[in-house]
Amino acid sequence: MASQAHLEKMELRQNYRNLWHTDLMRTIQADTPYCCLALWCAPCVSYLLRKRALYNDMSRYVCCAGYLPCSGRCGESRCPELCLATEVFLCFGNSVASTRFLLQDEFNIQTTQCDNCIIGFMFCLQQIACIFSIVAMIVGSEEIQEASQLLSCLADMVYCTVCACMQTQHKIEMDKRDGKFGPQPMAVPPVQQMSRIDQPLPPSVGYPSQASYGQPYSYPPPQPQGYPAAGYPPPNYPPSNAYPPPGYK
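For clarity, every value in this text was computed on a predicted model and none was experimentally measured.

## Examining helix α8 (residues 142–177)
A rise of 1.5 Å per residue sets the reference length of α8, with its 36 residues, at 52 Å; its end C-alpha atoms lie 52 Å apart and thus fit the reference within 8%. Within two residues after α8, Gly179 carries a phi angle of roughly 70 degrees, on the positive side.

## With respect to helix α6 (residues 92–107)
Spacing of three or four residues puts side chains on the same side of an α-helix, whose turn is 3.6 residues. Its 16 residues place the ends of α6 23 Å apart at the C-alpha level, agreeing with the 22 Å of an ideal helix rising 1.5 Å per residue. If you check which residues of α6 are buried, you get Phe92, Ser95, Val96, Ser98, Thr99, Arg100, Leu102, Leu103, Gln104 and Asp105. Immediately downstream of α6, the backbone of Asn108 shows phi near 55 degrees, a positive value.

## With respect to the layout of surface pockets
Taken as a whole, the largest pocket encloses approximately 480 Å³ of empty space. Considering the residues around the largest pocket, the lining is formed by 21 residues, among which Arg100, Phe101, Thr111, Asn116 and Ile119 are closest to the centre. Going through the elements one at a time, α1 (2–13), α6, α7 (113–139) and α8 are the ones with two or more residues in the lining of the largest pocket. Per element, the largest residue contribution to the lining of the largest pocket is 7 residues, and it comes from α6.

## Considerations on the packing of aromatic side chains
A complete count under the given rule lists 1 aromatic pair for this structure. Sitting over the face of the ring of Tyr34, Lys171 holds its NZ or CZ atom 5.2 Å from the ring centroid. The residue whose ring lies beneath Arg177 is Tyr55, and the NZ or CZ to ring-centre distance is 4.1 Å.

## Considerations on the side chain of Asp23
Here Asp23 is to be found in the loop between α1 and α2 (27–30). Among the polar contacts listed, one links the side chain of Asp23 to the side chain of Arg26, at a separation of 2.7 Å. Leave out the neighbours within four places in its chain, and Asp23 touches Asp115 and Gln169.

## Let's talk about the packing of helix α5 (residues 80–90) against α6
Where α5 meets α6, the axes come as close as 5 Å, and the angle between the chain directions of the two elements is 110 degrees. Between α5 and α6, the angle is such that the two are roughly perpendicular. Here α5 contributes Glu87, Val88 and Leu90 to the contact with α6, which in turn contributes Phe92, Ser95 and Ser98. Counted by class, the contact of α5 with α6 contains 3 nonpolar, 2 polar and 1 charged residues.

About the criteria used
- Residues numbered from 1 in each chain as written.
- Predicted model: local features only at pLDDT ≥ 70, side-chain atom pairs only at ≥ 80, totals over all residues.
- Heavy atoms only, no water.
- Helix = DSSP H or I, 4+ residues; strand = E, 2+ residues; numbered from the N terminus.
- Expected span 1.5 Å × (residues − 1).
- Buried < 20%, exposed > 50% of the residue type's maximum accessible area, 1.4 Å probe, protein only.
- 1 Å grid on protein atoms, 1.4 Å probe; cavity = no way out; pocket = protein on both sides within 12 Å on 5 of 7 lines; lining within 4 Å.
- Points joined across faces, edges and corners; volume = space filled by probe spheres on them.
- Phe/Tyr/Trp six-rings, centres within 6.5 Å; stacked < 30°, edge-to-face > 60°.
- Lys NZ or Arg CZ within 6 Å of the ring centre and 35° of its normal.
- Polar contact = N/O pair within 3.5 Å; in protein donor to acceptor, adjacent residues only side chain to side chain.
- Contact = heavy atoms within 4.5 Å.
- Axes fitted to C-alpha atoms, helices over the stretch in contact; angles between N-to-C directions.
- Parallel < 35°, antiparallel > 145°, perpendicular 65-115°, else oblique.
- Nonpolar A, V, L, I, M, F, W, Y, C, P; charged D, E, K, R; others polar.

This is the structure we're talking about:
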């Protein structure tokens, strides 16, 4: 009955429409220090993220967030902090996945195809490393044993890296939930204001065009000294009896 409910929940999760604030490929760029912290102190980060996902209310804690058959049967109500610490140290992978499912169900977040490919590659690599280890023990060949050890190291590195990116992704999503991204971006101007910017010249409002005047507009000529500003030039200037001057040829 419980497994049927979990299957229905997984099918419902495929129909979610929201997306993570950042995918697994960009978590290192989004928050590099926290990604390094999640890589080197993975269980501690998983503990803090689960507690934060529960809004720091440990009375809501259930082992593996209620997604496993053991959930609710481990005495979580009596000592939730100890149960969570046990979960993140002994079942680290389940603790990360449970926090992920908890956030997805709360915010209707779907997993992108890229994230699914990364997680699937991690699981496949672990399975291949396990198969090589079994074959090496059966055959007893040193070459196969060395190859299985290399595959196991590679699978562990990929596992730790993907888990660190997943936990950074969870942290960024909760930062978005708690409004820790700073001020909101500037609003886009209205359409009518943007349309005015597209015009090459401002429209003429209440003024006739320059072509309506008989001649182009110009400033008055500079006035010589000795003449007032008004009435320049005088009507009888130059006097006919003084021009041309005497002796002029």
